[in-house]
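Analysis of the macromolecular model
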Amino acid sequence: MTSLTINGVSIEVQAGDDTPLLYVLSDELQLQGPRFGCGLAQCGSCSILVDGVETRACVTPIASLKDKAITTLEGISAFYAAQTGLASVPQTTPVQDALVEEQALQCGYCYNGMIIKATELLLNNADPSDAEIRSAMNGHLCRCGTYPKIISAIKKASRTIQLARQSAGDSSMEGVV
Amino acid sequence: MKKILTSVPLKRRSLLKAGGALIINFNFQKASFGQNQSLLAGPPDPEQIDSWIAIHQDNSATVFIGFAELGQGCSTALLQVAAEELDLSMTQVSTIGLDTHITPNQGGTYSSSAMRVGGPQIQRAAAEARQALLQMAATQLQVEADSLQVENGIISSTRNNALSTSYGELIGNRQFNLAFTGNAPVKSPDDYKLVGTPYPRNDFPLKAKGIYRYIQHVRLPNMLHGRIVRPRGQGAYKDGVQVTGINEDSIVSIPGARVLRQNNFVGVVAQTEWDAVKAAQQLEVSWEQPGSLPGNESLFERMEKGMTNERVAVEEGDVSAFNTAFARSEFKAHGPYQAHVPFAPNCAVADVSQNSALVMCSSQDIYNTRTSIANLLGMDTEQVRVQFHDGAGTFGHSCWDDVAQAAALMSSMAGQPVRVQFMRWDEHGWDTYGPAHIGKTRISADSNGKLVSYEYEGWQHHWSLIETSEQTAKGTPAAEWPPFPAQQINPRTLGGMYDIPNRYLLNHHVPGLDYLKGAWLRSPVDLSFSFVSEQAIDDLAFQLGMDPWQFRQQNISEYHWLGVLNAAAEAANWQSRPAAENLSNASIVRGRGIGVGTHLASYGGAVAEIEVNKRSGEVKVLHLYGAIDAGLVVNTSNVENQIIGQLVQTASRMLLEEVTFNKTNVTSLDWASYPILRFEQCPEITPIIVQRLNEAPSGAGEEVMAAAAAAIANAFFDATGKRMTMYPFTPERVRETLAG
Ligand code: FES
Ligand code: FES
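Here the structure is a predicted model, which is why all the values come from computation and not from measurement. Each chain carries its own residue numbering, running from 1 in the direction its sequence is written. Just so you know, chain letters begin at A and ligand numbers begin at 1, following the order they were written in. This being a predicted model, a pLDDT of at least 70 is required before a residue's local features are given, and a value of 80 or more before pairs of side-chain atoms are given or counted; all residues contribute to the totals for chains, interfaces and linings. As a convention, hydrogens and water are excluded, and side-chain values are obtained from all of the structure's heavy atoms.

Let us now look at the packing of aromatic side chains. How two aromatic rings sit relative to each other is set out by the distance from centre to centre and by the angle between their planes. Any Phe, Tyr or Trp ring, taking Trp's six-membered ring, that has another such ring centre within 6.5 Å forms a pair; planes under 30 degrees apart are called stacked, those over 60 apart edge-to-face, and the others tilted. Enumeration over the complete set of coordinates arrives at 17 aromatic pairs over all chains. A ring pair is formed by Tyr337 of chain B and Phe661 of chain B, whose centres lie 5.8 Å apart and whose planes are at 80°; its orientation type is edge-to-face. In this pair, Tyr337 of chain B is assigned in the loop between strand E13 (327-335) and strand E14 (347-352) and Phe661 of chain B in the loop between helix H16 (636-655) and strand E24 (684-689), connecting sequence segments 324 residues apart. Ring pairing ties together the aromatic residues Tyr109 of chain A together with Tyr212, Tyr214 and Phe343 of chain B, which thus form one cluster. When the ring centre of Trp425 of chain B is taken as origin, the NZ or CZ atom of Arg232 of chain B, which lies over that ring, is 3.8 Å away. The residue whose ring lies beneath Arg592 of chain B is Trp574 of chain B, and the NZ or CZ to ring-centre distance is 3.5 Å. The secondary structure listing takes helices from DSSP runs of H or I that are at least 4 residues long and strands from runs of E that are at least 2 residues long, numbered from the N terminus. Whether a charge sits over a ring depends on NZ of Lys or CZ of Arg being within 6 Å of the ring centre and within 35 degrees of the ring normal.

Right, here's the structure in full:
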């Protein structure tokens, strides 16, 4: 039995040490965020954050994750709130909101990885240029070709986050996101 | 048929009792279906209004839609059509998932059929339901039906506000019992409130939160995980898979893992998914691989030299006019096999018992899949129930039937429900690919630049009929579909937009059994057709010293075609000049190109701006402008997304995508060996909708790709003065062309 910390909760899992985290998340724990796309670290479908860094769960054995904080799409709001010092956890993050507002979606299957990666990007760089967005997101594929709209959604989310930070500087960030 | 009629109302009633409560977006089926034994097989009678629409007590409506949601947003758009005719708000309408026991058989979801076929059907059913409701209201309120108005399902008298009732009050939880005649008048487009607006898709919020259940998330109690075991990469279709030995001991280290074999069909099951994945990789199987493929290098030679079946698709006038025409262009070019490769490999969950089978999968045509599964399991079709759950965007016939069959076979052998997902190499390696193509054309024009003659010969094979799971398990020999014209050269894309007095189109059907499996891939083979045809058209303009937009304009009189051509050119701020006028010695050069084309309906026009690095051979698509005329566009935001997706995919297919194979098997088995376009390579995209409020919807899922492919090819000529004769434009191919 291995103990993992997933979305702030410590969980004992049955799977053997060599099991890639993806199968623990999607099969044993039945989370719907991280999902199989290639199993080869090529597409970004299975992405999660490990100590805040985007990681491919399909090739990461759980043995290597014992003392790490794992965040999945299910925990992304809480993670975002903690990183930006929000007083309460919003229902959705600015990245998720912007994707919906821009109608930046077709089948949406790639969205787990897109949201995880874009969140990582915006927490490190609140105002990325077009080139920085493309380069950060380049390891995430979308077969439906929604790239242009995802780029505009990330820009929109970045403006929301900057505004939130500004008003947090003024007083409190509550209610902004 | 009798049985169906008596059985369906039962289910209707239980749905109606649920009111709107159970029906949350289209996740309804995922929450509530098991094997409901009281329910007999569909399809419900399409001639009954109750098969299409149910009104609930709370004034909401369930619309039974027979089309698959493939990520194109058709369920939202079809609900818009229904809500419009019923005068309901979008929050009052919902639909449920496709199910052979419940939803009508509207045929498969392909060739952009959802809006083209489904739109008018749903519209007429909704109009007829509304008419019946108004008549009931008139009787109840004792007024004339035409003095009534409806808003959000509340019916009131235009003369006396106090006189009112509602849909829910009139019929909620009861049936119409009304024949669907299609005779009720539909709304005039001038009165549209919802149709033609960018109503947000109903699935987005759930998908962004990660709580939407795709087929890959579906689980059944007591379910095993399964994987198929096949050679890495298919060989020739006729060879299928020949197992020569299996060492079952090779997986004993995995507790509970089992081999399931039926003839040459091999699968493994295990309790956990990772154990199934490991077992499939660890199982030692030997195969006979006859090596009867041509390999990429000899593909076109075999296609052209082998025996073919000829069909004249179009013969008008006399194309010998070519011989004496003022300007003449002869051009031959090739298109590769390309793969569907949905972002997530296909998946299915099956629960097969002695007398019944439930199969949940992403089939684009559940009724067809039901027949094939029944056949495979030796059951009557009524014993098989197929439910659609969407997966990742599939763009045609990817492995959804194959995986559904595999799950059904494995569940019947295991005696338990089994979930099968293909691995990445299964999906890439065992796809039914978009077929390769050879096109040869001769086109001529007079000295005024009017087209005189058009000839085209095309070589390709048809779609594969038998799935590999069936082929291996039952020994069913490989077979192609009968020669439907839709699987052959396409007269609409091949010169159909131009006014040409003399035209001759000849299809060479290449018998497909010695090749890879094939099937329709978004805008099937049209990219190859327009790659050949529109380059030759462009060449004539060049020979005549004419601007390629003007040359096309003066040869097109049909207003839809002119509309998309002009819309794309105007959006791109096209300045008139002949192509390849600004050739330079710089190593990085730019060009622009234009093209028109489509699939079976609708109209597409496109402009491309590209950059070519002559030294490295690298091509970048900088900007694509794509215009679609799809008649009435119900949801403009959906269609805009469709155009964006088509243009990005076209750039991907023209620059990067090619199935590779040697004599024994396919070798492009993942995203490294079969790359697709990435963020950094993605062009700027300008989608343009030519809206026709007074025309019927004609489909917008694939109709601008042929035009965009041609525009990219013509932009290459504009930049370099050379014509590419094969895509994708890989650096090696580009360097070769530039050196030649
Ligand atoms: S599934 Fe992990 S990167 Fe593709
Ligand atoms: S939206 Fe379908 S893979 Fe990205």
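If pLDDT is low for a region, its predicted coordinates should not be looked at in detail. As a per-residue quantity, pLDDT reports the predictor's confidence and falls between 0 and 100. When pLDDT is averaged across chain A, the result is 93; 94% of the residues are at 70 or more. A low-confidence stretch, residues 171-177 of chain A stays under pLDDT 50, and its non-local contacts, those more than four residues away or across chains, total 15 contacts. In what follows, a contact means two residues having at least one pair of non-hydrogen atoms within 4.5 Å.

Attention shifts here to helix H4 (residues 111-124) of chain A. The span expected for a helix works out to 1.5 Å for each residue beyond the first. Relative to the 20 Å expected for 14 residues at 1.5 Å per residue, H4 of chain A spans 20 Å between its end C-alpha atoms, a close match to the ideal helical length. Counted residue by residue, H4 of chain A has 13 buried out of 14 residues, so it is predominantly covered. Throughout this description, buried means an accessible area under 20% of the type-specific maximum (1.4 Å probe, protein chains only), exposed means over 50%, and partly exposed covers the range between.

By definition, a disulfide links the sulfur atoms of two cysteine residues through a covalent bond. Pairs of cysteine sulfur atoms within 2.5 Å are what we label disulfides. The final tally for this structure, using the stated rule, is zero disulfides over all chains. Left unpaired, Cys399 of chain B is separated from the closest cysteine sulfur, that of Cys347 of chain B, by 12 Å.

A few words on the packing of helix H9 (residues 366-377) of chain B against helix H10 (residues 400-414) of chain B. Residue and element names in this part refer to chain B. One way to put it is that H9 packs onto H10 with a least axis distance of 10 Å and a crossing angle of 35°. As H9 runs across H10, the sense of the crossing is right-handed. From H9, Thr369, Ser372, Ile373, Leu376 and Leu377 reach across to H10, where they touch Asp401, Ala404, Gln405, Ala408, Leu409 and Ser412. Classes in brief: Ala, Val, Leu, Ile, Met, Phe, Trp, Tyr, Cys and Pro nonpolar; Asp, Glu, Lys and Arg charged; the others, Gly included, polar. A per-class count over the contact of H9 with H10 returns six nonpolar, four polar and one charged. Only C-alpha atoms enter the line fits that serve as axes; for helices the fit covers just the stretch in contact. Angles between N-to-C directions range over 0 to 180 degrees. The crossing is said to be left-handed when, going from far helix to near helix, the turn is anticlockwise and less than a right angle, and right-handed when the turn is clockwise.

Next up on the list: the packing of helix H2 (residues 76-84) of chain A against H4 of chain A. All names here are of chain A. Closest axis-to-axis distance for the H2/H4 pair is 11 Å, and the angle between their directions is 0°. Here H2 lies roughly parallel to H4, going by the angle between them. Here Ile76, Phe79, Tyr80, Gln83 and Thr84 of H2 lie close against H4, whose contacting residues are Ile116, Thr119 and Leu123. Residue composition of the contact of H2 with H4, grouped by class: five nonpolar, three polar and no charged. Here the word oblique covers every angle except those under 35 degrees (roughly parallel), over 145 (roughly antiparallel) and from 65 to 115 (roughly perpendicular).

With that settled, the discussion passes to empty space enclosed by the protein. Residues and elements named next belong to chain B. A pocket here means an open set of points on a 1 Å grid, computed over the protein atoms alone, that has protein on both sides within 12 Å along at least five of seven lines. A cavity is instead a set of points where a 1.4 Å probe fits but cannot get out; residues with an atom within 4 Å of a point line either one. Grid points are joined across faces, edges and corners, and a volume is the space filled by probe spheres set on the points. Enumeration over the complete set of coordinates arrives at nine cavities of 30 Å³ or more. Taken as a whole, the second largest cavity encloses approximately 100 Å³ of empty space. Lining the second largest cavity are 14 residues; nearest its centre among them are Pro231, Gly235, Gly240, Glu288 and Gln289. Considering only residue class, the lining of the second largest cavity consists of five nonpolar, seven polar and two charged.

As a further point, take the pairing of E14 of chain B. Residue and element names in this part refer to chain B. The element E14 is largely enclosed, with a buried count of five among its six residues. Note that E14 and strand E17 (residues 418-421) share four bridges and pair antiparallel. Bridge assignment links Ala348 to a residue of E17, and that residue is Val420. Two strands qualify as a pair provided that DSSP identifies no fewer than 2 bridges between them. Judged from the four bridges that link them, E14 and strand E15 (residues 357-361) form a sheet pairing that is antiparallel. In the sheet register, Asp351 faces E15, and the bridge partner there is Leu358. Between the antiparallel neighbours E14 and E15 lie four residues.

Residue and element names in this part refer to chain A. The domain boundaries assigned to chain A delineate domain 1 (2-74) and domain 2 (85-173). At the interface, 19 residues of domain 1 touch 12 residues of domain 2. Of the roughly 1100 Å² buried at the junction of domain 1 and domain 2 (both faces included), carbon and sulfur atoms supply 53%. Accessible area that two parts lose when put together, evaluated with a 1.4 Å probe and summed over both, is termed the buried area. Sorting the residues of domain 1 by area buried against domain 2 places Arg35, Glu54 and Leu73 first, and these three jointly supply 43% of that buried surface. We count a salt bridge whenever a side-chain nitrogen from Lys or Arg sits within 4 Å of a carboxyl oxygen from Asp or Glu. At the junction of domain 1 with domain 2, the criterion picks out one salt bridge. Glu54 serves as the salt-bridge partner of Lys117, at 3.3 Å between the closest nitrogen and oxygen. We call two N or O atoms a polar contact when they sit within 3.5 Å, provided that within protein one can donate a hydrogen and the other can accept it, with sequence-adjacent residues counted only if both atoms are side-chain atoms. Across the domain 1-domain 2 interface, the total number found is eight residue pairs in polar contact (both at pLDDT 80 or more). Counting residues per element, the ones that place at least two in the side of domain 1 that touches domain 2 are strand E3 (47-50) and strand E4 (53-56). The residue makeup of the side of domain 1 that touches domain 2, split by class, is eight nonpolar, eight polar and three charged. Source of the domain bounds: an automatic or database domain assignment.

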